[in-house]
Amino acid sequence: MKDTTSHVGTAAPGCPVEQSSTSLLPRKPFGQLKSCMEIFFATLHEIFDESAYARFLNQKQLVSSRAAYAAFRQENEAAKARRPKCC
Amino acid sequence: MSAQSKNFMPKIFRILIWLTVALLGALALATVALHRGEQINAMWLVVAAVCTYALGYRFYSKFIAAKVLTLDALRATPAERMENGRDFVPTNKWVVFGHHFAAIAGPGPLVGPVLAAQFGYLPGTLWILAGAVFGGCVQDFVILLFSVRRDGKSLTEMARDEIGRLGGLVAYVAVISIIVILLAVCALVVVNALKASPWGTFTIAMTIPIALLMGVYLRTLRPGKVLETSALGFVLVMLAIWGGQWVSQTPSVASWFTYSGPALAILIIVYGFAASALPVWLLLAPRDYLSTFVKLGTISLLALGIIALRPTLHMPPLTRFIDGSGPVFAGNVFPFAFITIACGAISGFHALISSGTTPKLIRRETEARMVGYGAMLAESLVAIMAMIAACVLQPGIYFAINSPAGIVGQAPEAAAATISNWGFPITAAEMHSLAQSVGEQTLYNRTGGAPAFAVGMAHIFSNSLGGQALMAIWYHFAIMFEALFILTVLDAGTRVGRFMIQDALGHVWKPLGRTSWYPSILATSALIVAGWGYFLWQGVKDPLGGINSLWPLFGIANQLLATVALCVATTIVIKMGKARYAAVTMGPLMWLVAVTFTASWHKVFDPNPRIGFLSHAAQLAAGPAANARLIFNDRLDAVVTCALIVMVALILIESAVEWLRVLSGRKQPRVKESPFVPTRFAEEQV
């Protein structure tokens, strides 16, 4: 199962949210670059609902499958459809 | 900047840095504003914008955060208190920033500045900068924070709770109105970009099977792999653009994809209905992902292209059309520049996003500043880039593309002569050569802003990457990008409108409110599609190009929603006991009221038939071949504009009564916030 807590800002319910790595000074060379990349990919995962799916799997204790994804889509369909896209 | 690094940086050094930013910004703004008779480099606009945004964010937003809103780092947000792993999820501030930006960035900041460029680059640029820093960013930030303090409530709920029942009703009607008009205008922009363009039409038509394929791939082959699926969809779209060239060069195939404006309008109306009634996973969701993927990539690419090319602006700072005689749309620079550019400066629609998904993701109150104020600054920069893309074109080309046939004539020679007489020299041969280079038969009368933006973008891209040989590919890439963007807004907007109508009708008869009951789905989809479809049809049939009447209507509707949002914000600020700071929201509110009322007055009653709906109807009625349908449309537009203004007046009056009650002590100032709960993130650095 995908580890949902590895994404910056993707906290499984009940788990403490990790401290933002951007708020710390880098301790290693390229540390800041690495944290920037992590945040960049975390943002993409959030925008493209991959994090939401990972949280869903974690919450329901499921592994990714057609059935699990269908259930995820069904649960999120109303919210997704009601979300306006800005002009 | 973290607290640790701040301590290392002496105060004097920080003061010097900000002083440098201020001086550089002032120099850039002076260059943009005062240069006459000489062309300037686009980088002056970029520098002016970046410095203005930096100062606005550092000082003005900090002032609002500290003095007006008193952001509380110790107060738990709904994302923390109501965390459910689905809607309410405490999320890293940069991730929320990206998410919020992706939601607010639409076609508006691309199209509006292109249309407003008919006044020259100066009025639009100044409005984008001032409007964003003092209006749009403030609205987004304040509404986001107030929604965070109310468990993520929507704008309409906050309007009802804080202003009154009438406020809630007006907000609801405003949202429906703006959706209907927005969708009609968006669809009209697509129609004008694709008419008589087999290449563009083929590419956009292909995005439908690509989105369906993505939906099936995502559901059956690679469940949950959205990024991978979007990247695959992007590759297929690029292949479709490449294939479109072959289509346009093969006459027998090209004829299948060559449509007139009315034919395209019918296809889009049918598409809108189908997209609203089909399951979300099949079309809406994958198209949304694909559009977002292309949008984020293209905006970044455009920014890099502008920085790499540093193009010269050929458009003068001010044109003769500030007097209201513009061919793109008629009306004086005040108020029409401020109606034309809504998104990019201030957009009421953002208040729906700021009180929608975003407040449910914010982890700490203090992060609302970066997300609300900061993301709007980023969107404003997109508008500046669109202004640059329009103004790098030779003005003659810009006006030839954006002027309707009703103004400059159908024949290329006549159009070129008319535009040259305005002082913007252009020849029919130049326009023909440009059309050939982008793979189109003609670029005349392509109103709506999208084709002009695409030509500007293709100019920037082809000069930075690939040379003139790729001009046609870049042009159609830009058209695809805009049309994909707009059709996604159309899909989502039709569906959101459908849900809103179902919610309302559910109070009348329960089954109509059931979002899974197919007769209700079909009836309400038909209702919302008929609403925007009517205005679209009116636009394509309008001899003045449709944009002249519909874009100002859209601008008025959007600014009406911003007025509602700022009324809610001002009411809450006053109820918080911060009346001395109410100017922060009341300033932009008063400006918007002045702009919307003046624009509406002109659109309804102006004696110039190119501006006033009623005088245009009277002119048509007095003509030899009175067209009853066109006359009815003008009168309908006048009624819609009046209805919008009555709504603005109603919510203003109700808000003002509430403010007076509170300020005179006749009513206890009580805001309806959720109770304070300490955050568990208190130990973290801000």
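Residues numbered from 1 in each chain as written. Chains lettered and ligands numbered in written order. Predicted model: local features only at pLDDT ≥ 70, side-chain atom pairs only at ≥ 80, totals over all residues.

Moving on: the overall build of chain A. Scanning chain A from terminus to terminus reveals three helices and zero strands. Going from N to C terminus, chain A has its helices and strands arranged as α-α-α. A buried classification covers 38% of the 87 residues belonging to chain A. Across chain A, contacts joining residues at least 24 apart in sequence account for 52% of those joining residues at least 6 apart. (Helix = DSSP H or I, 4+ residues; strand = E, 2+ residues; numbered from the N terminus. Buried ≥ 20, exposed ≤ 12 C-beta atoms within 10 Å, placed from the backbone. Contact = placed C-beta atoms within 7 Å.)

Moving on: the interface of chain B and chain A. Taken together, the contacts link 57 residues of chain B with 41 residues of chain A. Residue assignment for the side of chain B that touches chain A shows that the elements contributing at least two residues are helix H1 (3-8), helix H5 (93-104), helix H10 (198-221), helix H11 (226-249), helix H14 (284-309), helix H16 (349-354) and helix H23 (471-508) of chain B. If one sorts the elements of the side of chain B that touches chain A by residue count, H5 of chain B sits on top with eight residues. Its residues assigned to classes, the side of chain B that touches chain A comprises 26 nonpolar, 24 polar and seven charged. (Nonpolar A, V, L, I, M, F, W, Y, C, P; charged D, E, K, R; others polar.)

This part covers the confidence of the model for chain B. For chain B, per-residue confidence averages 91 on the pLDDT scale, and 98% of positions sit at 70 or higher. Quick note on the complex model: pTM equals 0.89, ipTM equals 0.77. (pLDDT = per-residue confidence, 0-100.)

Further remarks concern the nonpolar core. Formed by 242 residues in total, the largest nonpolar core has its most connected members in Phe453 and Val564 of chain B. With residues up to four places along the chain from it excluded, the contact list for Phe453 of chain B reads Leu110, Val111, Val114, Ala386, Ala389, Ala390, Ala478 and Glu482 of chain B. Judged by nonpolar contacts, the second largest core, of seven residues, contains Tyr53, Ala54, Leu57 and Phe72 of chain A. (Core = buried A, V, L, I, M, F, W, Y, C linked by C-beta atoms within 7 Å.)

A few words on the packing of helix H13 (residues 261-277) of chain B against H23 of chain B. All names here are of chain B. Packing of H13 against H23 brings their axes to within 9 Å, and their N-to-C directions diverge by 60 degrees. With respect to their mutual orientation, H13 and H23 come out oblique. Pair H13 / H23 crosses with right-handed handedness. In this structure, H13 uses Gly272, Ala275 and Ser276 to contact H23, whose residues at the interface are Leu490, Asp491, Thr494, Arg495 and Arg498. Residues that form the contact of H13 with H23 fall into these classes: two nonpolar, three polar and three charged. (Axes fitted to C-alpha atoms, helices over the stretch in contact; angles between N-to-C directions. Parallel < 35°, antiparallel > 145°, perpendicular 65-115°, else oblique. Left-handed = near helix turned anticlockwise from the far one by under 90°.)

Bringing the confidence of the model for chain A into the picture now. Residues and elements named next belong to chain A. Averaged over chain A, the pLDDT score is 71; the fraction of residues at 70 or greater is 66%. Mean pLDDT across the secondary structure elements of chain A bottoms out at helix H3 (residues 66-81), with 84, and peaks at helix H2 (residues 50-60), with 91. Low confidence marks residues 1-25, where pLDDT is under 50. Its contacts with residues over four positions away, or in another chain, come to 62 contacts.

This part is about the packing of H10 of chain B against H11 of chain B. All names here are of chain B. The contact between H10 and H11 brings their axes to 8 Å, and the two run at 155 degrees. Relative to H11, the element H10 is oriented roughly antiparallel. Note that H10 runs across H11; the crossing there is right-handed. Taking contact as the criterion, the partners of Pro198, Trp199, Phe202, Thr203, Met206, Thr207, Ile210, Met214, Tyr217 and Leu218 in H10 are, on H11, Val226, Thr229, Gly233, Leu236, Val237, Ala240, Ile241, Gly244, Gln245, Val247 and Ser248. Grouping the amino acids of the contact of H10 with H11 by side-chain chemistry returns 14 nonpolar, seven polar and no charged.

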